[in-house]
Amino acid sequence: MPARFTCERAMHSFHCGRFRLDLSRPQVMAIINLTADSFSGDGVGSDVAAALAGAEAALEAGAQMLDIGAESTRPGAELVAEAVEIARLVPVVEALARLGVPLSVDTLKPAVMRAALAAGADLINDVNGFRAPGALEAVAGTDCGLCVMHMQGEPRTMQAAPQYGDVVAEVDAFLTERVQALQAAGVARERIVLDPGFGFGKTLAHNLALLRTLDTFAAGGLPVLAGLSRKSMLGAITGRPVAQRLGASVAAALLAVQRGARIVRVHDVAATVDALKVLRAVDEA
Ligand code: HH2
């Protein structure tokens, strides 16, 4: 059977904070949005108890990692001041770090990265690829994991007119350059996960090209994370609003795993976990 149709891959040891993860089996990362305006409509604002309940439910449903964010990156979303983002995140990081699973924080601001790590985060997920002044310095001297994502432009305007000559080659070159910058700053490769950034400055055609060739990004030996859950590309394909994209999201997660993704970042944990169980059973039959 061709390797791209299996869910098991070569051993990847991923170091993130308190954890050393074996990513030979795909992991499900549950999204907990501490926002009021996330595109998926499931943000819990700054309510620590609601965030904790959401995290516990996600773990119960089979998630192996958590990703929390306090600023929406959807086009047109409200900008959140650094101090507000820190105030929203820190109590939740402190509460969720006790759950005993890798805790990721989704931010592009260096001061927020520092505060999140001090509060107990294991992984920093930066949709800006650690390009902000001070971002490399915020993570380099720590032992946190890093998710390095590609984005063309910046969140407010990125979907206005995304343009590429060859989207796959350009995203690959960007990720390679960021890994080199991180390594030059002293970050070990074992701490890095790559993400082509579905929907971040990309048309439907760009997103489909990236999903079809996701293996390209895994070829360098670093694990790949894919975030497709409920995204507008799935709405464009199915004609369905955000609240009705479960089937499309599960299909997209499976396709990503079959093409090499080691972590899928999802809103709908239980359905994704079930789908991955089916994929694994077929692989092992
Ligand atoms: N997508 C979103 C946010 N963060 N991080 C990574 N690494 N990859 C992604 O694809 C990704 C991400 C957007 O999704 P969501 O957090 O649900 O929405 P919002 O930004 O509106 O809060």
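Whatever comes next refers back to the structure up there.
The paragraphs below set out a description of the structure included in this document. What you see is a predicted model, and the numbers here were worked out from it, not measured in a lab. (Residues numbered from 1 in each chain as written. Predicted model: local features only at pLDDT ≥ 70, side-chain atom pairs only at ≥ 80, totals over all residues. Heavy atoms only, no water.)

## Quick look at the packing of helix α9 (residues 246-258) against helix α10 (residues 269-284)
Taken N-terminus to C-terminus, the directions of α9 and α10 make an angle of 45°; their axes are 10 Å apart at the nearest point. Relative to α10, the element α9 lies oblique. Handedness of the crossing formed by α9 with α10: right-handed. Side by side, α9 and α10 meet where L246, V250, A253, L254, V257 and Q258 of the first sit next to A271, T272, A275, L276 and L279 of the second. Classifying every residue of the contact of α9 with α10 by side-chain character gives nine nonpolar, two polar and no charged. (Axes fitted to C-alpha atoms, helices over the stretch in contact; angles between N-to-C directions. Helix = DSSP H or I, 4+ residues; strand = E, 2+ residues; numbered from the N terminus. Parallel < 35°, antiparallel > 145°, perpendicular 65-115°, else oblique. Left-handed = near helix turned anticlockwise from the far one by under 90°. Contact = heavy atoms within 4.5 Å. Nonpolar A, V, L, I, M, F, W, Y, C, P; charged D, E, K, R; others polar.)

## Details of a nonpolar patch on the surface
Together, L204, L208 and I237 line one region of the surface with nonpolar side chains, adding up to about 230 Å² of accessible area. Accessibility expressed as a relative area gives 33% for L208, which makes it partly exposed. (Patch = residues over 30% accessible without salt bridge, like charges linked within 9 Å, V, L, I, M, F, W, Y side chains within 5 Å. Areas by Shrake-Rupley, 256 points an atom, 1.4 Å probe, with all protein chains shown as cover. Salt bridge = Lys/Arg side-chain N within 4 Å of Asp/Glu carboxyl O. Buried < 20%, exposed > 50% of the residue type's maximum accessible area, 1.4 Å probe, protein only.)

## Notes on the site of the ligand
With respect to spatial proximity, 19 residues lie near the ligand, and among them S38, S72, T73, D195 and K231 are the closest. Within the backbone of G227, an N or O atom sits 3.3 Å from an oxygen atom of the ligand. Between the ligand and H267 there is a distance of 2.8 Å, counted from an oxygen atom to a side-chain nitrogen or oxygen. When the free accessible area of the ligand is taken as 480 Å², the share hidden by the protein chains comes to 98%. A majority-of-atoms criterion places the ligand in the largest pocket. (Near = heavy atom within 4 Å. Polar contact = N/O pair within 3.5 Å; in protein donor to acceptor, adjacent residues only side chain to side chain. 1 Å grid on protein atoms, 1.4 Å probe; cavity = no way out; pocket = protein on both sides within 12 Å on 5 of 7 lines; lining within 4 Å. Sits in = over half its atoms within 2 Å of the grid points.)

## Structural notes on the pattern of salt bridges
This model, assessed by the stated rule, comprises nine salt bridges. The shortest N-O distance in the salt bridge between E284 and R25 comes to 4.0 Å. Of this pair, E284 sits in helix α10 while R25 sits in the loop between β2 (19-22) and β3 (27-33), and the two are 259 residues apart along the sequence. Here R25 falls in the partly exposed class, since its relative accessible area comes to 36%. Of the charged contacts, one joins K109 and E85 as a salt bridge, the two residues approaching to 2.4 Å between their closest N and O atoms. A residue pair is termed long-range when its members are at least 10 positions apart, and K109 in the loop between β5 (103-106) and α3 (110-119) and E85 in helix α2 (residues 82-96) qualify at 24 residues.

## So, unusual backbone geometry
One non-glycine residue with positive phi stands out, namely F130, at about 60°. By the secondary structure assignment, F130 is in the loop between β6 (123-126) and α4 (135-140). The backbone phi angle of R230 is positive, close to 60°, even though this residue is not glycine. Taking the relative accessible area as the measure of exposure, R230 reaches 14% and is therefore buried.

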